[in-house]
Amino acid sequence: MRTIVWFRGKDLRVTDHEPLMRGSTTGEVIPLLVLEDSYFGSGDRSATDESQGSRGKRPPHRLQFFLDAVTALRSDLEAIGSTLVTVKGRATEVVPRLAREWNADAVFAQAAVEPGSRRRDDVVAAALGERFRLFGGETVHPPGTLRTQAGRPYGVFSPFAKSWRREVAQVPAVGTPARLSRVPDNLVAIRNPIPDLVELGLERNPAILRAGSSQADARLRRFLKDAGPAYKADRDQMGIDGTSRLSADLKFGTIAPRRVWLEARAAIGETAGGMSFENELIWREFSYSTLWDVPTILTTPFQSDFEGFPWRDDENGWQAWVDGLTGYPVVDASARQLRAEGYVHNRARMVSASFLTKDLMIDFRRGERHYFHYLTDGDLAQNTAGWQWTAGCGCDPQPYFRIFNPVSQGERFDPNGDYVRKWLPELRGMPSEFIHHPWDAPDSVLRGAKVRLGDTYPHPIVDHSVARERFLETATRHLKRSPGSQSAPLRLPMD
Ligand SMILES: Cc1cc2nc3c(=O)[nH]c(=O)nc-3n(C[C@H](O)[C@H](O)[C@H](O)COP(=O)(O)OP(=O)(O)OC[C@H]3O[C@@H](n4cnc5c(N)ncnc54)[C@H](O)[C@@H]3O)c2cc1C
């Protein structure tokens, strides 16, 4: 039997890849990856969700990681006797055509959650019929399967997590095929090269994490050994490496989420750090499940009463936020970190997203697209969930009346100012006491730190306490809720 194993970009690994393992046990395998224009931020905008709207601009950091991960996948396949056939085109046309030309008995792939990818798979399924089979692997537990007693998707995290912990089976990971059949030369000959960054008009950025399964494995090992046990306490501290940094690996599937979960359970499962880490992995499962059940969250707020919210047009505020020049150090550090290394600490993502949507009252979708463009781990399910949660309009959201105070968040989660100093060289000389609110520093301190407010570093572009009141007043009026009420109307698909 000849099986095409079709890699699609969120599954770039040979270990714990069920379609590859199943294919290898039934005979000959031909690993295929279709180089769709949409991966590169060009071409047909409807092909995949990566290309939706302004999300489609060429994402510099993610592309570097993706191309390196594809190259690493090809080497990993070569190490077990096979290779990767990369073919340019539209998957909906290329996959059925190659299945015919190559006389494939089956096409196996990892099932996708993003709505555009599901539409793509429907087209391929219509062309190939039963020869096309999808397997799990993007999440630990299949999305869209956990239901409330009333048979509805969960709109709140805690009961989802409880049900996830009850239902998820600790089946072992599937492992790596020992050896694969050799891909015939005439099939290898048709492949198009994996594009390089220069050809795409991008420069290599050494600050981006190195991609590929061996890198992901090393990150997991380092985390479980060093940071894992203290994760609960350290994960919020912006100035230390207290987290796993596995988000881009999970996004591109260079490591299987099931494996991360199983290995973390085995190594640190009983510690407070292990439990807290599992909780974050379940947040990821929740985001994916929500996108599966409510694909409209890619464009509209999950909480329907946020529709038509009077977001402000504020070009100056937007530009200051993008450039890291708002005058609020944590917000500015996160903006610079995003553009420099395609990553932002989770706590800083929350503070920054809150500042944009609440202090500046700029539409969360604009921030979400900016993040999606620059994040190496930029992921539709996760990014949409993170932005809507922070704005107060998502699934199990941060209540709209809880507004992050960028100064006290900095004092609590970056007490020595290490995070700020790393990303804002102009504040490097500020003593920790004033680093999160330099405007309160006496002139002598500012002089000593070589900081000239309004010159080397901006004055705050808004007064947080005034901006907070403005948001609360607008939101209370629009949502017709009072800040004391936590309840919010949920919109689920069957409503
Ligand atoms: C505004 C905003 C945007 C975000 N955009 C993305 C995104 O595009 N892609 C992305 O992967 N994550 C996103 N997140 C979630 C989170 O910030 C990152 O997953 C995390 O910072 C990645 O670092 P890490 O791998 O070291 O995480 P760790 O703390 O080591 O956590 C392990 C894994 O658990 C998952 N996880 C951790 N925190 C969260 C969370 N709060 N919500 C959901 N899953 C979580 C991730 O898959 C992560 O890799 C966003 C959060 C916010 C507030």
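Residues numbered from 1 in each chain as written. Predicted model: local features only at pLDDT ≥ 70, side-chain atom pairs only at ≥ 80, totals over all residues.

Student: Just to check I follow, could you spell out the overall build of the chain for this structure?
Tutor: When you go through the chain residue by residue, the secondary structure sums to 20 helices and five strands. Partitioning the contacts of the chain with sequence separation of at least 6, the portion at a separation of at least 24 is 75%. (Helix = DSSP H or I, 4+ residues; strand = E, 2+ residues; numbered from the N terminus. Contact = placed C-beta atoms within 7 Å.)

Student: Explain the site of the ligand here, please?
Tutor: Close to the ligand lie 27 residues, the nearest being Thr243, Ser244, Ser247, Asn383 and Gly386. Of all the secondary structure elements, the ones that give two or more residues to the shell around the ligand are helix H9 (247–252), helix H11 (272–293), helix H14 (346–359) and helix H16 (380–391). Residues belonging to the shell around the ligand are distributed by class as follows: nine nonpolar, 10 polar and eight charged. Each of domain 2 (139–170 + 212–293) and domain 3 (304–479) contributes no fewer than three residues to the shell around the ligand. (Near = placed C-beta within 6 Å. Nonpolar A, V, L, I, M, F, W, Y, C, P; charged D, E, K, R; others polar. Domains from an automatic or database assignment.)

Student: Whenever I open this one, helix H7 (residues 213–227) confuses me. Can you help?
Tutor: Residue pairs spaced three or four apart in an α-helix point in one direction, given the helix's 3.6 residues per turn. Between its first and last C-alpha atoms H7 spans 20 Å; for 15 residues at 1.5 Å apiece the expected length is 21 Å, and the two agree. Along H7, the residues that are buried comprise Ser213, Ala216, Arg219, Leu220, Phe223, Leu224 and Ala227. Projected onto a plane normal to the axis of H7, the buried residues spread over an arc of 125 degrees and lie on a single side. Away from the buried face of H7 by more than 90 degrees, exposed residues Ala218, Arg221, Lys225 and Asp226 are located. Where H7 is buried, its residues contact helix H2 (60–79), helix H8 (231–234), H9 and helix H10 (257–268). (Expected span 1.5 Å × (residues − 1). Buried ≥ 20, exposed ≤ 12 C-beta atoms within 10 Å, placed from the backbone. Arc of directions from axis to C-beta.)

Student: Any chance you could explain the environment of Asn346 here in plain terms?
Tutor: Turning to its location among the elements, Asn346 is positioned in helix H14. Given 14 C-beta atoms within 10 Å, Asn346 falls into the partly exposed group.

Student: Any chance you could explain the pairing of strand E4 (residues 106–110) here in plain terms?
Tutor: Sheet faces and side chains relate simply in a regular strand, where the side chains alternate between the two faces. Burial analysis of E4 places five of its five residues in the buried class, the great majority of the element. Sheet analysis places strand E1 (residues 2–7) next to E4, joined by four bridges and oriented parallel. If you follow Ile4 over to E4, its bridge partner there is Val107. Note that E4 and strand E5 (residues 132–135) share four bridges and pair parallel. Residue pairing in the sheet places Phe108 in a bridge with Arg133 of E5. (Pairing = 2+ DSSP bridges.)

Student: Mind showing me how you'd approach the sheet that holds E1 here?
Tutor: The pairing of strands in a sheet happens through backbone hydrogen bonds and is either parallel or antiparallel. The five strands are arranged E3-E2-E1-E4-E5 in an open sheet whose pairing can be described as parallel. The open sheet has two edge strands with one neighbour each: strand E3 (85–88) and E5. When strand polarity is set aside, the average angle formed by the axes of neighbouring strands in this sheet is 30 degrees. Together, E1, strand E2 (28–35), E3 and E4 form the strand contacts of helix H3 (residues 91–101), whose direction differs from that of E2 by roughly 155 degrees. (Axes fitted to C-alpha atoms, helices over the stretch in contact; angles between N-to-C directions.)

Student: Got a minute to help me understand the domain arrangement of the chain in this structure?
Tutor: Frequently, the measure chosen for interface size is the accessible area that the parts lose on association. When the domains of the chain are assigned, the result is domain 1 (2–138), domain 2 (139–170 + 212–293) and domain 3 (304–479). Using only C-alpha atoms to locate each centre, domain 1 and domain 3 end up separated by 37 Å. Listed per partner, the contact involves 10 residues of domain 1 and 10 residues of domain 3. For the side of domain 1 that touches domain 3, the class distribution of residues is three nonpolar, two polar and five charged.

Student: Honestly, unusual backbone geometry in this entry has me stumped. Any pointers?
Tutor: Despite not being glycine, Asp16 has its phi angle at roughly 55 degrees, a positive value. Judged by the 23 C-beta atoms lying within 10 Å of it, Asp16 falls in the buried class. One non-glycine residue, Asn103, adopts positive backbone phi at about 50 degrees. Structurally, Asn103 can be placed in the loop between H3 and E4.

Student: Please explain H14 as it appears in this structure.
Tutor: Compared with an ideal rise of 1.5 Å per residue, which puts 14 residues at 20 Å, H14 spans 19 Å between its outermost C-alpha atoms and is within 8% of the ideal. Count one or two residues on from H14 and you reach Met361, which has phi positive near 55 degrees.

Student: Where do I start with the packing of helix H13 (residues 329–341) against helix H17 (residues 406–413) in this structure?
Tutor: Think of two packed helices as two axes; the pair is described by the angle between the axes and how far apart they sit. Between H13 and H17, the shortest axis-to-axis distance is 8 Å and the interhelical angle comes to 75 degrees. As summarised for this structure, H13 and H17 are arranged roughly perpendicular, according to the angle between their axes. Packed against H13, whose contacting residues are Pro329, Val330 and Val331, the element H17 presents Pro406, Gln409 and Gly410 at the interface. For the contact of H13 with H17, a count of residues per class yields four nonpolar, two polar and no charged. (Parallel < 35°, antiparallel > 145°, perpendicular 65-115°, else oblique.)

Student: What is the right way to read the environment of Gly410 from this model?
Tutor: Here Gly410 is to be found in helix H17. With 25 C-beta atoms counted inside 10 Å, the residue Gly410 sits in the buried group. In this structure the C-alpha to C-alpha distance between Gly410 and Arg347, which are 63 residues apart in sequence, comes to 9.5 Å. Excluding anything up to four places from it in sequence, Gly410 contacts Pro329, Val330, Val420 and His436.

Student: How should the confidence of the model for the chain be read in this particular structure?
Tutor: Detail in the predicted coordinates should be disregarded across regions flagged by low pLDDT. Confidence in the prediction for the chain averages 93 pLDDT; 94% of positions are at 70 or higher. In the predicted structure, residues 486–495 sits below a pLDDT of 50 and forms 16 contacts with residues beyond four places in sequence or in another chain. (pLDDT = per-residue confidence, 0-100.)

Student: Please explain the environment of Ile208 as it appears in this structure.
Tutor: Its location among the elements puts Ile208 in the loop between helix H6 (185–188) and H7. In the structure, Ile208 is positioned 132 residues away from Ala340 in sequence and 8.5 Å away in space, judged by C-alpha atoms. Among residues more than four places away in sequence, those in contact with Ile208 are His61, Gln64, Phe65, Glu341, Gly342 and Thr376.

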